[in-house]
Amino acid sequence: MSEEQMNDSKFSRLFIIMIIAMTVLTIIIAVLASFAASDVNAKLDERSDIENTQATAARIAPVGKFSATTVAAAPTEAVVLSVEDMYASCAACHATGAAGAPITGDASQWSARLAKGTDTLYNNAINGINAMPARGGNSALTDDNVKAIVDYMINQSK
Ligand code: HEC
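To start, this report covers the structure provided alongside it. Keep in mind that this is a model prediction, so the values were computed, not measured. (Residues numbered from 1 in each chain as written. Predicted model: local features only at pLDDT ≥ 70, side-chain atom pairs only at ≥ 80, totals over all residues. Heavy atoms only, no water.)

**Structural notes on the overall build of the protein**
Part 1 of the reasoning: Secondary structure summary: the protein contains six helices and zero strands in total.
Part 2 of the reasoning: N-terminal to C-terminal, the α/β element order of the protein is α-α-α-α-α-α.
Part 3 of the reasoning: Expressed as a percentage of the 158 residues in the protein, the buried residues total 13%.
Part 4 of the reasoning: Considering only intrachain contacts with a sequence separation of at least 6, the fraction spanning at least 24 residues in the protein is 48%.
Part 5 of the reasoning: Counting every atom, the protein has about 11700 Å² of accessible surface; 62% of that belongs to carbon and sulfur. (Helix = DSSP H or I, 4+ residues; strand = E, 2+ residues; numbered from the N terminus. Buried < 20%, exposed > 50% of the residue type's maximum accessible area, 1.4 Å probe, protein only. Contact = heavy atoms within 4.5 Å. Areas by Shrake-Rupley, 256 points an atom, 1.4 Å probe, with all protein chains shown as cover.)

**Some words on the site of the ligand**
Part 1 of the reasoning: If you check the shell around the ligand, you find 25 residues, and the closest are Cys 90, Cys 93, His 94, Asn 124 and Met 132.
Part 2 of the reasoning: Between the ligand and Arg 113, the relevant distance is 2.7 Å, taken from an oxygen atom to a side-chain nitrogen or oxygen of the residue.
Part 3 of the reasoning: Breaking the shell around the ligand down by element, the ones donating at least two residues are α3 (83-94), α4 (107-114), α5 (118-127) and α6 (143-156).
Part 4 of the reasoning: Residue composition of the shell around the ligand, grouped by class: 16 nonpolar, six polar and three charged. (Near = heavy atom within 4 Å. Polar contact = N/O pair within 3.5 Å; in protein donor to acceptor, adjacent residues only side chain to side chain. Nonpolar A, V, L, I, M, F, W, Y, C, P; charged D, E, K, R; others polar.)

**Side note on the nonpolar core**
Part 1 of the reasoning: In terms of nonpolar packing, the biggest core is built from 15 residues, with Tyr 87, Leu 141, Val 146, Ile 149, Val 150 and Met 153 touching the most fellow members.
Part 2 of the reasoning: Of all the elements in the fold, those that place two or more residues in this core are α3, α5 and α6.
Part 3 of the reasoning: Element by element, the count of residues in this core is highest for α6, at five residues. (Core = buried A, V, L, I, M, F, W, Y, C linked by side-chain atoms within 4.5 Å.)

**Describing the side chain of Ser 157**
Part 1 of the reasoning: Summarising the element assignment, Ser 157 is placed in the segment after α6.
Part 2 of the reasoning: Ser 157 sits in the buried class, given a relative accessible area of 1%.
Part 3 of the reasoning: Separated by 2.9 Å, the side chain of Ser 157 and the backbone nitrogen of Gly 105 make a polar contact.
Part 4 of the reasoning: Filtering out sequence-adjacent residues up to four positions away, Ser 157 remains in contact with Ile 103, Thr 104, Gly 105, Asp 106, Ala 107 and Trp 110.

**Examining α6**
Part 1 of the reasoning: Its 14 residues place the ends of α6 20 Å apart at the C-alpha level, agreeing with the 20 Å of an ideal helix rising 1.5 Å per residue.
Part 2 of the reasoning: Those residues of α6 hidden inside the fold are in contact with α3, α4 and α5. (Expected span 1.5 Å × (residues − 1).)

**Points about unusual backbone geometry**
Part 1 of the reasoning: Positive phi outside glycine occurs at Ala 99, with the angle close to 60 degrees.
Part 2 of the reasoning: Within the secondary structure, Ala 99 is located in the loop between α3 and α4.
Part 3 of the reasoning: One non-glycine residue, Arg 135, lies in positive phi territory at about 55 degrees.
Part 4 of the reasoning: Relative to the helices and strands, Arg 135 resides in the loop between α5 and α6.
Part 5 of the reasoning: The class of Arg 135 is partly exposed, set by a relative accessible area of 22%.

Below you can see the structure in the form of structure tokens.
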């Protein structure tokens, strides 16, 4: 083997080693890059999931929400209560005589009041008198409701 041939073969060996080394390095860089990218991609996926969920929730949100406030604001007329039912809010005092209320059904406690006339009793029940709160403290009752309850109480107390 001549000197020149030796150099050639040395050179080609070195050349092949370098090519292999560069190929390996390239593969390592590619693997590292794909690791880094998968992390970023996972974060991007996660974010778009959240955004999609929010967007969907906004799209399918109900036009009218049914909440406790809506129920409270609903007209009270829609609920038909019997006089006996409505009297329950008055019974707290008028069944027991609490706060000095005339007891329903006790004619002796009502005779003097009946003498004042039904209209006065209606007015005092609607507007309140002394310890008797306006509408018995139940502001949901209409004037007609209160009058009906007063009629009911009076009839029981004659
Ligand atoms: C917090 C207790 C209380 C509640 C609840 C209450 N009352 Fe009375 N009520 C009284 C008292 C006390 C009196 C006596 C007031 C007075 O003459 O000094 C009275 C008196 C009355 C009288 C006689 C008024 C008069 O002029 O003599 C009527 C009628 C009456 N209440 C109706 C009602 C009705 C109807 C309700 C329910 C919607 C009701 N009350 C709920 C305490 C109450």
